[in-house]
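# Overview (structure and organization)
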Amino acid sequence: MKRPSPNHAISWSEVKRPIVCLAPMDGVTNSAFRQIVRTLSKDVILFSEFTSVDGLVRSEHVRLRLDYEPCEQPFFMQLFGNSPKMFAEAARMVADRGILGVDINMGCPAKKIVHSQHGSALMQDVDTACRIVESIREACPLEVSVKTRLGWKNEKNLINFTKSLESAGISMLTIHGRTYNQAFKGDADWGPIHELKSHLKIPVIGNGDIRDYNDGLAHLGNLDGFMIGREAGGVFSGSTESPGAHSS
Ligand SMILES: Cc1cc2nc3c(=O)[nH]c(=O)nc-3n(C[C@H](O)[C@H](O)[C@H](O)COP(=O)(O)O)c2cc1C
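This structure is a prediction, so every number in the text was calculated from the model and none was measured.

Locating Ser-11 in the fold gives a position in the segment before β1 (19-22). In this structure Ser-11 comes out as exposed when scored by C-beta crowding, with 7 C-beta atoms within 10 Å. C-alpha of Ser-11 to C-alpha of Ser-171: the two residues are 160 residues apart in sequence and 9.6 Å apart in space.

Structure below.
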């Protein structure tokens, strides 16, 4: 199928390194929070909290999450689900709003998400994971990225899994340096993320336990960028010269 031409494409090779990202956080990274983070940095790439594709397609109330302010760009709407068809429909709605891209959640470890074969469950179903990527790519011209973890119990499938996603058409990848089994326990391990980078052509973003911008730089190594979650809110002020930055 011929792909529509991109209206908000980004040339990742031209984006300033390190690529600094605000992590998607349910109940936190709504439009108001993203606008606050934008005042701290004009460069940070913002990710929305995750939203169900089924919810987006079926509920007018959920569709309010598509509302945003232009200053939030560049930003990714993070979606979760399992059906390639529903992802395609939801992605078309995201594209209609002019949002830069869709990030597919393949890392949430919450029981109710994984029991529905969403989130982390997609790490164990490469075929569906790739069909979701392809189906969004065929449906609209959005950037498609994935946020996932090192693996289910360990990182032995990380390279194969993410190479398949790259072949299916994602243009950026974020890895949280913990497994599904760990959920939030233990320390994030960035070693396998650094190892992965040499196997992929697309930008790879590391995530997990970053305290501030300088700590992100210390973890960066060969990666294209880092993503900050729990410590967000002030941490981006070192990443750019912004008139909104403050030191208090
Ligand atoms: C309150 C909260 C909500 C989260 N919601 C999401 C989410 O919607 N989608 C997602 O991919 N990750 C979610 N995460 C995981 C974060 O994006 C990130 O991967 C994790 O917190 C590790 O990064 P950090 O150490 O910088 O916080 C959430 C984390 C927290 C603490």
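Running from N to C, helix α4 (residues 84-96) and helix α6 (residues 126-139) cross one another at 35°; their axes reach a closest spacing of 8 Å. Relative to α6, the crossing made by α4 is right-handed. Listed contacts from α6 to Pro-84, Lys-85, Phe-87, Ala-88, Ala-91 and Arg-92 of α4 are Arg-131, Ile-132, Ser-135, Ile-136 and Ala-139. Per-class residue counts for the contact of α4 with α6 are 7 nonpolar, 1 polar and 3 charged.

What follows covers α4. Quick reminder: α-helices carry 3.6 residues per turn. Residues three or four places apart thus point the same way. Here α4 is 13 residues long and its end C-alpha atoms lie 18 Å apart, about the 18 Å a rise of 1.5 Å per residue gives. Among the residues of α4, Pro-84, Met-86, Phe-87, Ala-90, Ala-91, Val-94 and Ala-95 are the ones counted as buried. Against the buried residues of α4 lie α2 (53-58), β4 (75-80), β5 (101-106) and α6. Immediately beyond the C-terminal end of α4, within one or two residues, lies Gly-98, with a positive phi of roughly 80°.

This next bit is on the confidence of the model for the chain. Scored by pLDDT, the chain has a mean of 92; 90% of the residues are at 70 or more. Low pLDDT, under 50, characterises residues 1-7; the stretch is placed with 9 contacts to residues that sit more than four places away or in other chains. When the criterion is pLDDT under 50, residues 242-248 qualifies, and its contacts beyond four places in sequence or with other chains add up to 8 contacts.

Attention now goes to the site of the ligand. Surrounding the ligand, one finds 22 residues, the nearest of these being Ala-23, Met-25, Phe-50, Gly-229 and Arg-230. Counted by class, the shell around the ligand contains 8 nonpolar, 8 polar and 6 charged residues.

Here the focus is the pairing of strand β6 (residues 143-149). Among the 7 residues in β6, 7 count as buried, and that is most of the element. Both faces of β6 are covered, namely the face carrying Glu-143, Ser-145, Lys-147 and Arg-149 and the face carrying Val-144, Val-146 and Thr-148. In this sheet, β6 lies alongside β5 in parallel orientation, the contact comprising 6 bridges. Residue Asp-103 lies in a different strand from β6, and its bridge partner there is Ser-145. Once the chain exits β6 it traverses helix α7 (residues 158-168) before rejoining the sheet at strand β7 (residues 172-176), and the crossover so formed is right-handed.

About the thresholds
Residues numbered from 1 in each chain as written. Predicted model: local features only at pLDDT ≥ 70, side-chain atom pairs only at ≥ 80, totals over all residues. Helix = DSSP H or I, 4+ residues; strand = E, 2+ residues; numbered from the N terminus. Buried ≥ 20, exposed ≤ 12 C-beta atoms within 10 Å, placed from the backbone. Axes fitted to C-alpha atoms, helices over the stretch in contact; angles between N-to-C directions. Left-handed = near helix turned anticlockwise from the far one by under 90°. Contact = placed C-beta atoms within 7 Å. Nonpolar A, V, L, I, M, F, W, Y, C, P; charged D, E, K, R; others polar. Expected span 1.5 Å × (residues − 1). pLDDT = per-residue confidence, 0-100. Near = placed C-beta within 6 Å. Pairing = 2+ DSSP bridges. Right-handed = clockwise from strand over helix to strand, strands pointing away.

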